[in-house]
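For reference, the chains in residue letters:
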Amino acid sequence: MDEPAIVDYGYQYIGQNSVEEYRGVFIRAFRNNRADFVTLDSNPRGQKFLAASVAWALQEGLLYNDCNEDDTQQVVSSFRLTEKGKKEILGQL
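As the structure is a prediction and not an experimental result, all values here were calculated from the model.

How each quantity is defined
Residues numbered from 1 in each chain as written. Predicted model: local features only at pLDDT ≥ 70, side-chain atom pairs only at ≥ 80, totals over all residues. Heavy atoms only, no water. Pairing = 2+ DSSP bridges. Helix = DSSP H or I, 4+ residues; strand = E, 2+ residues; numbered from the N terminus. Axes fitted to C-alpha atoms, helices over the stretch in contact; angles between N-to-C directions. Parallel < 35°, antiparallel > 145°, perpendicular 65-115°, else oblique. Contact = heavy atoms within 4.5 Å.

Asks: Can you break down the pairing of strand β2 (residues 63-70) residue by residue, with the values?
Replies: Examined bridge by bridge, β2 and strand β3 (residues 75-81) share seven bridges and lie antiparallel to one another. What sits directly across from Y64, in β3, is R80.

Set out below in structure tokens:
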């Protein structure tokens, strides 16, 4: 599956934040709030940090893109933890 355009947008901004900030986003989402997945839509407005976070996590092998829904006006993409992500973010063995 090709990465959504919003992830390409996020790759441009990875260097603007620290690894701790990116990890924190996913710890809050997956560990603290017990989310099964995170989503991004194709509109970059207001999503620079989250798009960069997802791009970083994909690059690190912590997330994978499991679904892209296109309604012809926008694409909504969901991302789930990989086995590595479960270990590092959730602390599961």
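Asks: Which residues make up the packing of helix α2 (residues 19-32) against helix α3 (residues 48-59), and what values do they have?
Replies: α3 packs onto α2 with a crossing angle of 95° between their chain directions and a minimal axis gap of 10 Å. When the axis of α2 is compared with that of α3, the two are roughly perpendicular. Together, V19, E21, Y22, R23, V25 and F26 of α2 and F49, L50, A52, S53, V54, W56 and A57 of α3 make up the contact between the two elements.

Asks: Run through the side chain of Q47, naming residues and quoting values.
Replies: Here Q47 is to be found in the loop between β1 (38-41) and α3. With residues up to four places along the chain from it excluded, the contact list for Q47 reads I6, Y9, L40 and D41.

Asks: Got a sec to walk through the sheet that holds β3? Specific residues and values, please.
Replies: Spatial ordering of the open sheet is given by β1-β3-β2, a layout of three strands whose pairing is antiparallel. What marks the edges here is a single partner per strand, and that holds for β1 and β2. Neighbour to neighbour, the strand axes of the sheet diverge by 25° on average, direction disregarded.

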